[in-house]
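# Breakdown of the fold
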Amino acid sequence: MEIVVASGKGGTGKTFVASNLCVYLKRNLSEEVVAVDADVEAPDLLMALGGSTREVVREEFYGSYIPAIDMSICFNCGRCAEACEFDAIHMAPEGPVIDYSKCEGLGTCAVVCSVKAITLIEDKTGDIYASETPFGITVVTGDLELGKGNSGRLVYELKERAYRIASEKRVEFRVVDAAPGIGCPVVSSIAGSDLLITVVEPTPQSLKGSLRLLEVAETLGIKTVAIINKYNLNPGFTAEVEKKLGVEVLGYVPYDDAVVKAYTSAVPLLEYSPASKASEALVKCFDRFREGWFR
Amino acid sequence: MTVLTVTGGKGGTGKTVVAVNLALALSSLTGERVLLVDLDADNPCTYTLLNVEPKTVEEVKSFKPVIDKDACVRCGTCVKHCPTHALFLIPNAGLSFIETLCEGCAMCMYVCPKEAISRGHRLTGWVKEADAGDLHLVLGELRPGDRKYHDVMEAALNYAKRIWGNYRIVVIDTPPGTGKGILMALNSSDIIVAVTEPTSLGLLDLKRLNRLVTPLGKPEIVVVNKYGLPGGAHNKLERYLQECGLRWAKVRYDKRLMSAYIRGKPVIRYDPDAPSALDIQALAEMLAKEMSLNRS
């Protein structure tokens, strides 16, 4: 089962929920878990789960392409520039010039070139590494090259790796910690998952983000439930959030200083402070998830 | 004209709160109207804080294939070439297209041997604009279900660039992250304001962001938002800032800021004596001085 944790807005507690869900599955249900950090522009999950005790995989991922033009063959017909949907090629007097900051690397230029002067060269998208962590959870992390696009492709690859690792070890659960937002990497994170947990704060900004995320989940046909985090920061708004979301709410987690302290100590909250209010509330949410979604 | 870009790596550190309040403070300080550009196309939140309803000024469109089912012979050439697997053949049902997976490269149209695919358009998002009193707001908004957020960011930034000659101060608010969209915004900026929070994750993401920012050689100031957060990793963060010789300013952890935020109001106007509002005011004064923009 693949569970993805996402939210339309940043900082609502995705990594908090994802890391502790992993701990819950492992500790409370004795289930093995492979976790995926799909926030490839700001990966934090490994740290939230206590850091790496042993790295089991480290690879460079070349999932992107950049075009290269052989100017000895090119006869300046301009078809590549015309066909590029991203205005990444313009015709200069000396021939076609590629603006790599606009290039998406999808290769239409190479296909339309009548003399096959354009070849696609593999380009590094990022690094993929898998690590074991102190609480027994394997974390697969993607680390996008700084300033690069193509995060969606890296996320697909991460999910594929996690699936392979889970299959080999006969692990039932994969937990994906998505990037904030609803764009390319988030679509890739959600696509094909069995359940989406959206983490919402009781603020208009977070509600708006989650509603946008629910629209995406709907187009992909993914079942969604919600956890309302830091609900006591704005208790009056919580009922409205629940009503407007219109999906099952697994529960409410209060703002709790213990959460920040747990991060500072690099120990997941359920291990760091199991008796804290936030821990107890989280466990209730996860119990409800287990009752409804597991077995 | 000076372009300030507010960014931060991690989500939820307070980029939008800092950007909006800073823009308002700079406007008050200088008597200038400030252009605020919200590039968080996934979830633009500036307008909810400013309580304005932006109007669409531009539709952002991208290519999508229109399939002529009669001309299609189901040869699978387009399926084989589609780099994002947005096209596939279903036995007995023909060619299918998943718009959410499409990146709009038009490859399918060029490779189809029967010319059964023609150019269609899909709506990727909008560039919107609003008059917000002391601020003029331009924002990009991605249509939910579309993935091409960089296109919307680029369209919003290009729109802003066409009008920003009319302003002396431009503030750009970015989404979280360290990818292509962020680099695009950074490349257009004169001063970079990196908003972080005193948590381990905030520090981790700030370090990553700085691997992108530092090589650009542009002036950077780090804003430690939620300073004083109980249990926070203040020592580790301050040590890092000191080791890197980074300039930094604090915005205190402040329940009064949260109280303004949940009401959808900028603290600097709603509760100007709140500790966080005073800190943002001080930051604005420093930046105005740096830009030599104080009201004469």
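So, here's what we can say about the structure.

### Things to note about the overall build of chain A
Looking only at helices and strands, chain A features 11 helices and 13 strands. Reported as C-alpha extents along the three principal axes, the dimensions of chain A are approximately 70 × 45 × 35 Å. For chain A, the residues scored as buried account for 56% of the 295 residues in total.

### Re the nonpolar core
Core analysis: the biggest nonpolar cluster contains 159 residues, and Val5(A), Ala35(A), Leu22(B), Ala156(B) and Val171(B) have the highest contact counts within it. Tallying contributions element by element places helix α1 (residues 15-30) of chain B first for this core, with 9 residues. In this structure, Val171(B) is in contact with Leu4(B), Val6(B), Ala19(B), Leu22(B), Ala23(B), Val34(B) and Leu36(B), ignoring residues within four places of it in sequence. Of all hydrophobic cores here, the second largest spans 17 residues; its members include Phe63(B), Cys105(B), Ala106(B) and Cys108(B).

### Description of the interface of chain B and chain A
The partner chain A presents 51 residues to the 52 residues of chain B that form the contact. For the side of chain B that touches chain A, the secondary-structure elements that each account for two or more residues are β3 (55-67), α4 (107-111), α5 (149-163), α6 (180-187), α7 (200-213) and α9 (255-262) of chain B. Here the side of chain B that touches chain A takes 7 residues from α7(B), the largest share from any one element. Here the side of chain B that touches chain A is built from residues that sort into 23 nonpolar, 20 polar and 9 charged.

### Observations regarding the sheet that holds strand β1 (residues 2-7) of chain B
Residues and elements named next belong to chain B. Pairing within the open sheet is mixed, and its 9 strands lie in the order β3-β6-β7-β2-β8-β1-β9-β10-β11. Pairing within the sheet leaves two strands with one partner each, and these edge strands are β3 and β11 (247-252). Direction aside, the axes of adjacent strands within the sheet are offset by 20° on average. Here strand β10 (residues 220-227) runs beside β11; their pairing, made up of 6 bridges, is parallel. Within β11, the position partnered with Val224 by the bridge is Lys250. Strands in contact with α1 are β1, β2 (34-38), β7 (135-142), β8 (169-173), β9 (191-196), β10 and β11; relative to β8, the strand with the most contacts, it is inclined by about 170°.

### Considering the sheet that holds strand β12 (residues 224-229) of chain A
Residues and elements named next belong to chain A. Pairing is mixed across the open sheet formed by 9 strands, whose spatial order is β3-β8-β9-β2-β10-β1-β11-β12-β13. Looking at strand neighbours, the two that pair on one side only are β3 (54-61) and β13 (248-253), the edges of this open sheet. Within this sheet the neighbouring strands show an average axis-to-axis angle of 20°, counted without direction. Relative to strand β8 (residues 126-132), β3 is paired through 7 bridges, and the arrangement is antiparallel. Within β8, the residue paired with Glu55 across the bridge is Ser131. Set on the sheet, helix α7 (residues 204-220) makes contact with β1 (2-6), β11 (195-200) and β12; between it and β11 the angle comes to about 165°.

How each quantity is defined
Residues numbered from 1 in each chain as written. Chains lettered and ligands numbered in written order. Predicted model: local features only at pLDDT ≥ 70, side-chain atom pairs only at ≥ 80, totals over all residues. Helix = DSSP H or I, 4+ residues; strand = E, 2+ residues; numbered from the N terminus. Buried ≥ 20, exposed ≤ 12 C-beta atoms within 10 Å, placed from the backbone. Core = buried A, V, L, I, M, F, W, Y, C linked by C-beta atoms within 7 Å. Contact = placed C-beta atoms within 7 Å. Nonpolar A, V, L, I, M, F, W, Y, C, P; charged D, E, K, R; others polar. Pairing = 2+ DSSP bridges. Axes fitted to C-alpha atoms, helices over the stretch in contact; angles between N-to-C directions.

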